[in-house]
Amino acid sequence: MGFNMNKLGSLVAISLMYSWTMQIAYSQDSLYYTHSSIEFVDSKIGILDKDTTGITKGLSLGLPAVHLSSAHYQSNGPDLLSTLLVRGMASRHTAILWNGWNIQSPVNGVFDLSLISNVSHNAHLITSSGTSILGNASSAGALILSTPSMKDNHYLSLGTWQNSYGNTDLNAQLGLHAHGWSIQSSYQWTHHENNFKFDRFGVVDQLDFGAKNAIDFNTEISRQINDKQNIKAAIWYQNIKRQISPTKTAVYNNEHQDDQNLRTHLEWSFKDRNRQVFTRLGLMSEEIVFRSNSILESVGRADTYLSEAVIKDRIYGVAWAAGVQYKKVNAVISSMNSDNSVNSTESSRAQASLWMSGVRKLSHRISVDLGARVAAISDGQRIYTYHLAPSIILGKGLLSYKLNSVFQLPTLNDLYWPVGGNPELLNETGIAQELSYKSTLNSSSQVLKYKVALFSYHADNWILWRIQGFEGWQAQNVRNVWSRGIELNMNYGKTWKQDKILNSGIQLSYTRAETTKAESKLYEGKQLAYVPQYKGVWTNAFSYKNISIHMESVFVGDRFVDSANSEFVDSYGLTHLEVFYKLRLNSTELDLSVRCDNLSNKNYEIVRYYPVPLRNYTFAAQLKI
Amino acid sequence: MKSYYLAFILLAVFLFSACGDDPIGDREDAAYVNGFFIVNEGPFNNGSGSISFVSNETEEVSQNVFSNANDGRVLGNILNSMSIIADKAYFVINNAAKIVVADAITLKFITEIVGIDQPRHMIALDNSKAYVSYWGADGLSGGIGVINLSNNELIKTIPLGKGPEKMIIKDNQLIVTLTGGYDRADEIVYVSTSTDEIISTQQVYDKPNSLSTDAAGNIWVLCGGFTDYYVPENSTQGRLVRLNIDDTIDAVTIPNGAKSWSINKDQTKAYYFDAVGVYEVDLSLQDINPVLVYTATSYYYGMSMDADNEVIFLTDAKDFSSPGEVIKISTSGELLATYAAGVIPSSCYAVD
């Protein structure tokens, strides 16, 4: 590998010196940074976990996100582009973290959640800005992917998933542990027909909306060198071929998209009582190919090389964390002319960055979190960001305020796409704030948790692709956007003895994502397209012995379909029901589940005229040996 | 804690029982006469086209008139053009691969004509037969569809080539421009209206997009020129071509991007537009000499002419995702009125 420990030590030392000179070294136990996740102080809400959402293996990882009020799940339909709009922001503002790396595409700024299932990954969402730690493309926080926790024993798990519109998944998972070595591997094969019923303007129709065939291979190998040191290697390979289906109003969207992603990760870590150090290397390779019928239209390829060193320590009773990161992207974008000639654009961007963050307890009730980051971009830019987050224990709860300066670099497509790319684009910059109060009320068998949050995000030079007449789409800095709102989250849990559990949750949000300044008065004061002002979620889970029942109800308000707010798609309310049964025989477990989506057979649209299934059923079985 | 739970459940039930559909009110049938329709393509990618109507008497604009007349039914993705033949209106919907047939007065839905990939424009030979230009699913294998108007069914297709667009009928011949579709082309094609077979092709210049005859029997073809968005230096200039009745050809060079050749009632003057404005051509002169009569104040997307009333409509698609506008000017370039339109207005169609 040519890994130079002396050089690494120098980098860390430089990082620390830089951070100390900025005088931001405060710390608190609640701040921590691990190989797979980062948590900002008490900002985690909306956990996509088994308690409040379905756990049927094989479902798209994006599906549970439907049940978060702070994020709008923007999906063109099953197996089509699906992203998260967090607190009125665009999908490009939310980092997608895998082993700590942001795997959002540097080419188009998108991570398509429809491409991954929950077989090999869990996820949870952090809605607070992470720019001063994570850097670019995290203004609206991060969706953190993690490997499902494994037991310290060998296991083999085989599963199948089938739904009523012709979609089938098969998965296998293997866990082995011996002599300090540990391996966890999952493999998934997907064949989706997407032949479902939908409502076409009052008439129930059934069409084949395009197949998806995919394989997904994910493996982690780790070795415990001694009680303090650990090494880990991870690889994630995906190959997805899918048809981009037509809408209700069109028949010519017969495009095919082939995605191929290879992600690798190598990590060494050291951990003792007070100190944790880790270094890691990553390589992300992605390829997206578009075909219209059988004609090749465009190919995008990008290789991203990453390296990072992080240290966290405790000095004089305070803890802090700091990191240094280097990232380089090489991309080639090719589009085909009708005469088979090719227009190719090569682009490259490198970033070196230093960050430091810490929390200091000023008293037993008050603490302050400070952090800063500087990033040097290969085009000569130096970008400084910071965060300030004081919190105070008030009554039985915690009152927190967070202030983050944020930025967003244009993607390589924004800058260099052969037609419409705009090399003159400016960075998006802004300020994100959050004021929240959360508390927990307990009794011996019951718990009530709640959190109220006010949020605000101001952005200058909002980057947007707009149609420019015959010249087609073009990337522009056209907007000043102010997204603000309020969220309420409550969760109630009750346990009767050990085998009867009730968990019920409500999430409500109001989001006003407004264009405050634009080149045309037509857009000023208008809500951003497809951001719902109102969203509500009600989840209920009841378990008794080996059976559990989950019910999820979602309300999504009207969404405007254009920047001028001239037209909108109607609000909708959906209910999903899922029943699980677990059968145990010695060490063997069999999980069975039946899920009904869209229980009331509601006709609705997430994106205008894109068909979504009416009532449908999913059956899943998972055998663990 | 019981009170917490009770309050919790009550709040949830209240919040989630408040969601309902808006009632749809009753609507009366309207009569769409003495005015003009605005053909709105609708949003690209996933939208639906729509029809607006402007009354000549009241100057009032009614939006979404087809949907309003048909209980919310939508036309489909990218409404390319409309034609009225006898008592029926034909809406040619490109990306939905169909032609929606409706009553010409009330716009009540009648039927759909399917089986034509990427239809563009429709022209009637008489009250029993019409022709539809189409690009084909790949945008390269275009042709002409022959429609039986008595039952609104496709009789046959005539493969022509890349991007059949506007058509005229002259001397038992259907004359079709080939714009190139998703590629480039520079021809017009002559088809027999008796046999519905190709008679001949004639090369003109890049991207012939519209045409007409004049009072003397000459054929005029407006060629917009090829536009290469990737390599702009490969783009070509436009040409205004006159195919004289003595089989000679005259042509003048004009800037790239000219389109929408439209002729007045007595076929003595014609108009077209480009990014600069609207030009008038006196067809009676030997020299071809376009004269700018109206300087564009916006980026216009389409132009149509109401020959009976001697007025010209220019459509402004604005940002191509919000509702656009239509302006009405006189043939001398005087701005007469401005009307609100739907999303991406592309043409207008006047009715008595």
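Residues numbered from 1 in each chain as written. Chains lettered and ligands numbered in written order. Predicted model: local features only at pLDDT ≥ 70, side-chain atom pairs only at ≥ 80, totals over all residues. Heavy atoms only, no water.

**Side note on the overall build of chain B**
Reasoning step 1: Assigned secondary structure in chain B consists of two helices and 28 strands.
Reasoning step 2: A compact globule built from 352 residues should have a C-alpha radius of gyration of about 20 Å, and chain B, at 23 Å, falls within 12% of that.
Reasoning step 3: With the principal axes as the frame, chain B shows a C-alpha extent of 95 × 45 × 45 Å.
Reasoning step 4: Taking all 352 residues of chain B together, 53% fall into the buried category.
Reasoning step 5: For chain B, the share of sequence-separated contacts (at least 6 apart) that also reach a separation of at least 24 residues comes to 40%.
Reasoning step 6: Counting every atom, chain B has about 14800 Å² of accessible surface; 48% of that belongs to carbon and sulfur.
Reasoning step 7: Of the side chains in chain B, 21 bear a positive and 44 a negative charge, and the two mean positions are spaced by 4 Å. (Helix = DSSP H or I, 4+ residues; strand = E, 2+ residues; numbered from the N terminus. Rg over C-alpha atoms; globule rule 2.2 N^0.38 Å. Buried < 20%, exposed > 50% of the residue type's maximum accessible area, 1.4 Å probe, protein only. Contact = heavy atoms within 4.5 Å. Areas by Shrake-Rupley, 256 points an atom, 1.4 Å probe, with all protein chains shown as cover. Lys, Arg positive; Asp, Glu negative; His and termini not counted. Charge placed at Lys NZ, Arg CZ, Asp CG, Glu CD.)

**Quick word on the overall build of chain A**
Reasoning step 1: Helix and strand counts for chain A come out as three helices and 36 strands.
Reasoning step 2: Expressed as a percentage of the 625 residues in chain A, the buried residues total 57%.
Reasoning step 3: Counting every atom, chain A has about 25800 Å² of accessible surface; 57% of that belongs to carbon and sulfur.

**Describing the sheet that holds strand E2 (residues 50-55) of chain B**
Residues and elements named next belong to chain B.
Reasoning step 1: One open sheet accounts for four strands, arranged E3-E2-E1-E28; its pairing is antiparallel. Both outer strands of the open sheet, strand E3 (61-62) and strand E28 (345-351), are each paired with one neighbouring strand and no more.
Reasoning step 2: Pairing geometry for strand E1 (residues 35-40) and E28, over six bridges, is antiparallel. Looking at the pairing, Asn-40 lines up with Pro-345 of E28. (Pairing = 2+ DSSP bridges.)

**Quick word on the pattern of salt bridges**
Reasoning step 1: Within this structure, the stated rule accounts for 38 salt bridges over all chains.
Reasoning step 2: With a shortest N-O distance of 3.1 Å, B:Arg120 and B:Glu165 are connected by a salt bridge. Of this pair, B:Arg120 sits in strand E8 (residues 119-124) while B:Glu165 is found in strand E12 (residues 164-170), placing the two residues 45 residues apart along the sequence.
Reasoning step 3: A salt bridge links B:Asp171 to B:Lys170; the nearest nitrogen and oxygen atoms lie 3.0 Å apart.
Reasoning step 4: Salt bridges here are not isolated pairs; linked through shared partners, they connect A:Arg87, A:Lys402, A:Glu434 and A:Glu487. (Salt bridge = Lys/Arg side-chain N within 4 Å of Asp/Glu carboxyl O.)

**Focus: the environment of A:His192**
Residue and element names in this part refer to chain A.
Reasoning step 1: Mapped onto the elements of the fold, His-192 is located in strand E12 (residues 181-192).
Reasoning step 2: Classification of His-192 as buried rests on a relative accessible area of 6%.
Reasoning step 3: Between the C-alpha atom of His-192 and that of Val-329, which follows or precedes it by 137 residues, the distance is 33 Å.
Reasoning step 4: Look past the residues within four positions of His-192 in its chain and what remains in contact with it is Asp-79, Trp-161, Gly-166, Asn-167, Thr-168, Asp-169, Gly-210, Ala-211 and Lys-212.
Reasoning step 5: A distance of 2.6 Å separates polar atoms of two side chains, one belonging to His-192 and the other to Asp-79. (Polar contact = N/O pair within 3.5 Å; in protein donor to acceptor, adjacent residues only side chain to side chain.)

**Here we look at the nonpolar core**
Reasoning step 1: A:Leu84, A:Ile103, A:Leu143 and A:Leu145 are the most contacted members of the largest nonpolar core, which totals 33 residues.
Reasoning step 2: Of all hydrophobic cores here, the second largest spans 20 residues; its members include B:Phe66, B:Ala89, B:Val100 and B:Ala102. (Core = buried A, V, L, I, M, F, W, Y, C linked by side-chain atoms within 4.5 Å.)

**What about a nonpolar patch on the surface?**
All names here are of chain A.
Reasoning step 1: Taken together, the side chains of Trp-496, Phe-542, Tyr-544, Ile-547, Ile-549, Leu-577, Val-579, Tyr-581, Leu-583 and Leu-599 make up a nonpolar region of the molecular surface, amounting to roughly 790 Å² of accessible area.
Reasoning step 2: Broken down by secondary-structure element, the contributors of at least two residues to the nonpolar patch are strand E30 (534-544), strand E31 (547-556) and strand E34 (572-585).
Reasoning step 3: Of all the elements, E34 adds the most residues to the nonpolar patch, at four residues.
Reasoning step 4: Here Tyr-581 shows up in strand E34. (Patch = residues over 30% accessible without salt bridge, like charges linked within 9 Å, V, L, I, M, F, W, Y side chains within 5 Å.)

**Here's the deal with the sheet that holds strand E4 (residues 79-85) of chain B**
Residue and element names in this part refer to chain B.
Reasoning step 1: Strand order in the open sheet formed by four strands is E4-E5-E6-E7, with antiparallel pairing between adjacent strands. Of all the strands in the sheet, the pair left with one neighbour each is E4 and strand E7 (109-114). This sheet shows a mean twist of 20° between the axes of neighbouring strands, independent of strand direction.
Reasoning step 2: Across five bridges, strand E6 (residues 98-103) lies against E7 in antiparallel orientation. Bridge assignment links Lys-98 to a residue of E7, and that residue is Val-114. (Axes fitted to C-alpha atoms, helices over the stretch in contact; angles between N-to-C directions.)

**Observations concerning the side chain of A:Gln622**
All names here are of chain A.
Reasoning step 1: Relative to the helices and strands, Gln-622 is located in strand E36 (residues 616-624).
Reasoning step 2: Here Ser-157 takes part through its side chain, which lies 2.9 Å from a polar atom of the side chain of Gln-622.
Reasoning step 3: Within the structure, Gln-622 has its side chain in polar contact with the side chain of Asn-171 (distance 2.8 Å).

**Looking at the packing of aromatic side chains**
Reasoning step 1: Scanning all chains against the criterion turns up 20 aromatic pairs over all chains.
Reasoning step 2: With a centroid separation of 5.6 Å and an interplanar angle of 70°, the aromatic rings of A:Phe201 and A:Tyr609 are classed as edge-to-face. Of this pair, A:Phe201 sits in the loop between strand E13 (195-200) and strand E14 (203-208) while A:Tyr609 sits in the loop between strand E35 (588-597) and E36; the two residues are 408 residues apart in sequence, bridging distant segments of the chain.
Reasoning step 3: With relative accessibility at 8%, the residue A:Tyr609 sits in the buried group.
Reasoning step 4: Among the aromatic residues, those joined into a ring-pair cluster are A:Tyr165, A:Phe196, A:Phe198 and A:Phe209.
Reasoning step 5: Stacked on the ring of A:Trp496, the Lys or Arg A:Lys500 has its end atom at 5.5 Å from the ring centre.
Reasoning step 6: When the ring centre of B:Phe226 is taken as reference, the NZ or CZ atom of B:Arg184 above it lies at 3.8 Å. (Phe/Tyr/Trp six-rings, centres within 6.5 Å; stacked < 30°, edge-to-face > 60°. Lys NZ or Arg CZ within 6 Å of the ring centre and 35° of its normal.)

**Observations concerning the confidence of the model for chain A**
Note that predicted coordinates carrying low pLDDT should not be read in detail.
Residues and elements named next belong to chain A.
Reasoning step 1: Per-residue pLDDT for chain A averages 83, and the proportion of residues at 70 or more is 87%.
Reasoning step 2: Mean pLDDT across the elements of chain A ranges from a minimum in helix H1 (residues 5-21), with 28, to a maximum in strand E32 (residues 559-560), with 95.
Reasoning step 3: Predicted confidence for residues 1-54 stays below pLDDT 50, and this span has 152 contacts to residues more than four positions away or in other chains. (pLDDT = per-residue confidence, 0-100.)

**Thoughts on the pairing of strand E27 (residues 473-496) of chain A**
Residue and element names in this part refer to chain A.
Reasoning step 1: Of the pairings in the sheet, the one linking strand E26 (residues 446-467) to E27 comprises 21 bridges and is antiparallel in character. Opposite Ala-453, over in E27, you have Glu-487 as the bridge partner.
Reasoning step 2: As paired strands, E27 and strand E28 (residues 500-517) are joined by 17 bridges and run antiparallel to one another. When the bridges of E28 are listed, Leu-488 appears paired with Leu-508.

**What to know about unusual backbone geometry**
Reasoning step 1: Of note in the backbone geometry, B:Ala97 takes a positive phi value of approximately 55° without being a glycine.
Reasoning step 2: Inspection of the secondary structure assignment puts B:Ala97 in the loop between strand E5 (88-93) and E6.

**Description of the pairing of E36(A)**
On a regular strand, one side chain projects to one face of the sheet and the next to the other, so that they alternate.
Residues and elements named next belong to chain A.
Reasoning step 1: The pairing of strand E10 (residues 155-163) with E36 spans seven bridges and is classified as antiparallel. Its bridge partner lying in E36, Ser-157 is registered against Lys-624.
Reasoning step 2: Strand direction decides the pairing type here: E35 and E36, joined by nine bridges, are antiparallel. Paired with Leu-592 across the strands is Ala-621, a residue of E36.

**Observations concerning the environment of A:Met490**
Reasoning step 1: Of note, A:Met490 is situated in strand E27.
Reasoning step 2: With relative accessibility at 18%, the residue A:Met490 sits in the buried group.

**So, the confidence of the model for chain B**
All names here are of chain B.
Reasoning step 1: Of all residues in chain B, 91% have pLDDT values of 70 or greater, and the mean over the chain is 91.
Reasoning step 2: Contacts for the low-pLDDT stretch residues 17-27, under 50 throughout, to residues beyond four places or in other chains number three contacts.
Reasoning step 3: For this predicted complex, the interface confidence reaches an ipTM of 0.73, while the overall pTM sits at 0.82.

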